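Residue strings, one per chain:
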Amino acid sequence: MTTAATFRWSEGTATVTKPVLEVQELRKVYGEGEATVHALAGVSLTVDRGDYVAIMGSSGSGKSTLMNILGCLDIPSTGRYLLDGVDVSRLSDKQLALVRNRLIGFIFQSFNLIPRTTALANVELPLAYAGVKSAERRKRALASLDMVGLADRAGHEPNQLSGGQQQRVAVARALVTEPALLLADEPTGNLDSRSTEDVLKIFADLNAQGRTIVLITHEAEVGARAKRLIRLFDGRVRSDERNKR
């Protein structure tokens, strides 16, 4: 049985395992009777440490539902999900909150930055939730901002930054806990072409450093930049291929 002790990542007790995530026959059903919707109809996939995966699909394909399950924001109706070797179906709500805070770095289309709060404070936030002391939070947040080229914007608030810069702050915030998985939901959806290129370059650099990235996108050019492309259709995996380089 999984216990809270399993999640003392800051104390170095977590076991490094492969794959980073593994889902087996995930199904998600909404509604009953004639109103039943099968959002996922038996999805199985594995993502090894250091992989860079794009998941694509048209509206209704199940990609948003899969994203929510991978992010531990929803649970499947049936099936199994292992994240960094942990069966998340066995976790309590408190343990799931720890997983979301420490094992997953989220990046959203709308940035989700707190207004009237500096870039530095936004990046520090996951560490504050994790109980990291102020001096250590600041040190790690500044290092994370430096990784995305924004150390010189640490004191700026979101409304003083471009859309591309705001998304880079969001990437820094996702990185600051050193998660097992970076999970990005349409990360370039609100960006112009130049900002999109900047963010995708950061993803490529992070992956080259060994970061595991899974992103949801409807943009073919974004999907093509990943190492691997998974296409969903009607709640199932239609194809799963390595992109040619």
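I will try to describe carefully the structure that is included in this document. (Residues numbered from 1 in each chain as written. Predicted model: local features only at pLDDT ≥ 70, side-chain atom pairs only at ≥ 80, totals over all residues. Heavy atoms only, no water.)

### Here's the deal with the environment of Val-43
Definition in use: A run of H or I in DSSP becomes a helix once it reaches four residues, and a run of E becomes a strand once it reaches two; helices and strands are each numbered from the N terminus. Only heavy atoms matter for contacts: two residues are in contact if any of them lie within 4.5 Å across the pair.
Its place among the elements puts Val-43 in strand β2 (residues 37-47). Each C-alpha atom, one on Val-43 and one on Leu-26, is 4.8 Å from the other, the two residues being 17 residues apart in sequence. Discounting residues that sit within four places of it in the chain, Val-43 has contacts with Val-23, Gln-24, Glu-25, Leu-26, Leu-66, Gly-235, Arg-236 and Val-237.

### Digging into unusual backbone geometry
The test is simple: Burial classification: accessible surface area is computed with a 1.4 Å probe over protein chains only, and a residue below 20% of its type maximum counts as buried, one above 50% as exposed, and the rest as partly exposed.
In this structure, Asn-112 takes a positive phi of about 55 degrees despite not being glycine. Among the structural elements, Asn-112 can be located in the loop between β6 (104-108) and α3 (119-129). Owing to a relative accessible area of 40%, Asn-112 belongs among the partly exposed residues under this scheme.

### Quick word on the pattern of salt bridges
As a reminder, the rule being used: Should a side-chain nitrogen of Lys or Arg be within 4 Å of a carboxyl oxygen of Asp or Glu, the pair is scored as a salt bridge.
What the rule picks out here adds up to twelve salt bridges. With its nearest N and O atoms 3.3 Å apart, the salt bridge here joins Arg-27 to Glu-25. Among the residues examined, Arg-27 registers a relative accessible area of 33% and is labelled partly exposed. Overall, the relative accessible area of 41% leaves Glu-25 in the partly exposed class. Residues Arg-153 and Asp-152 are paired through a salt bridge, measuring 3.0 Å at the closest nitrogen-oxygen approach. Owing to a relative accessible area of 55%, Asp-152 belongs among the exposed residues under this scheme. Through salt bridges with shared partners, a single ionic network connects Asp-51, Arg-228, Asp-240 and Arg-242.

### A few points about the nonpolar core
Heads up, the condition is: In these notes, a set of buried Ala, Val, Leu, Ile, Met, Phe, Trp, Tyr and Cys residues joined through side-chain atoms within 4.5 Å is what counts as a nonpolar core.
With 37 residues, the main nonpolar core has Leu-145, Val-169, Val-171 and Phe-203 as its most contacted residues. Every element with two or more residues in this core is listed here: β3 (52-56), α3, α4 (134-147), α5 (163-175), β7 (181-185), α6 (193-208) and β8 (213-216). The element best represented in this core is α5, accounting for six residues. Sequence-distant contacts of Val-171, defined by excluding residues within four places in its chain, comprise Ile-107, Val-148, Ile-202, Phe-203 and Leu-206. If you look at the next biggest cluster of nonpolar residues, it comprises 32 residues, including Val-47, Ile-69, Cys-72 and Leu-103.

### With respect to the layout of surface pockets
Just so we agree on the cut-off: A 1.4 Å probe that fits but cannot get out identifies a cavity on a 1 Å grid over protein atoms alone, an open set with protein on both sides within 12 Å along at least five of seven lines counts as a pocket, and a residue lines either if it has an atom within 4 Å of a point. Grid points are joined across faces, edges and corners, and a volume is the space filled by probe spheres set on the points. Ten residue types, Ala, Val, Leu, Ile, Met, Phe, Trp, Tyr, Cys and Pro, are classed as nonpolar, four, Asp, Glu, Lys and Arg, as charged, and the remainder, Gly among them, as polar.
Approximately 380 Å³ is the volume attributed to the largest pocket. Taken together, 20 residues make up the lining of the largest pocket; nearest its centre are Arg-100, Asn-101, Phe-106, Pro-126 and Tyr-129. Of the residues forming the lining of the largest pocket, the biggest block, six residues, is contributed by helix α2 (residues 93-102). Its residues assigned to classes, the lining of the largest pocket shows eleven nonpolar, five polar and four charged.

### What to know about the packing of aromatic side chains
Selection criterion: In this scheme Phe, Tyr and Trp rings, the latter by its six-membered ring, pair at centre separations within 6.5 Å, and the angle between planes marks the pair as stacked below 30 degrees, edge-to-face above 60, and tilted otherwise.
Applying the stated criterion across every chain, the model contains one aromatic pair. Considering the side-chain rings of Phe-106 and Phe-108, the 5.8 Å spacing of their centres and the 5 degrees angle between planes classify their relative orientation as stacked. According to the relative accessible area criterion, Phe-106 is buried, its value standing at 15%. Here Phe-108 falls in the partly exposed class, since its relative accessible area comes to 24%.

### Regarding the packing of α4 against α5
As a reminder, the rule being used: An axis is simply a line fitted to the C-alpha atoms; with a helix, the fit covers only the stretch in contact. Between two such axes, the angle follows the N-to-C directions and lies from 0 to 180 degrees. For this classification, under 35 degrees means roughly parallel, over 145 means roughly antiparallel, 65 to 115 means roughly perpendicular, and everything else is oblique. Crossings are sorted by hand: turned counterclockwise from the far helix by less than a right angle, the near helix makes the crossing left-handed, and turned clockwise it makes it right-handed.
Between α4 and α5, the least distance of the axes is 8 Å, while the angle of their chain directions is 130 degrees. By the angle between their directions, the pair α4 and α5 is classed as oblique. For the element pair α4 and α5, the recorded crossing hand is right-handed. The residues of α5 that touch α4, namely those facing Ser-144, Leu-145 and Met-147, are Val-169, Ala-172, Arg-173 and Leu-175. Along the lines of polarity and charge, the residues of the contact of α4 with α5 split into five nonpolar, one polar and one charged.

### Some points on the sheet that holds β6
Stated formally: For two strands to be treated as a pair, DSSP must find at least two bridges joining them.
Within the open sheet, the six strands sit side by side as β6-β7-β8-β3-β9-β10. Their pairing is mixed. The two strands at the open ends of the sheet, each matched to only one other strand, are β6 and β10 (236-242). Neighbour-to-neighbour, the strand axes of this sheet turn through a mean angle of 15 degrees, independent of strand direction. On the sheet, α5 packs against β6 and β7 and is oriented at approximately 165 degrees with respect to β6.

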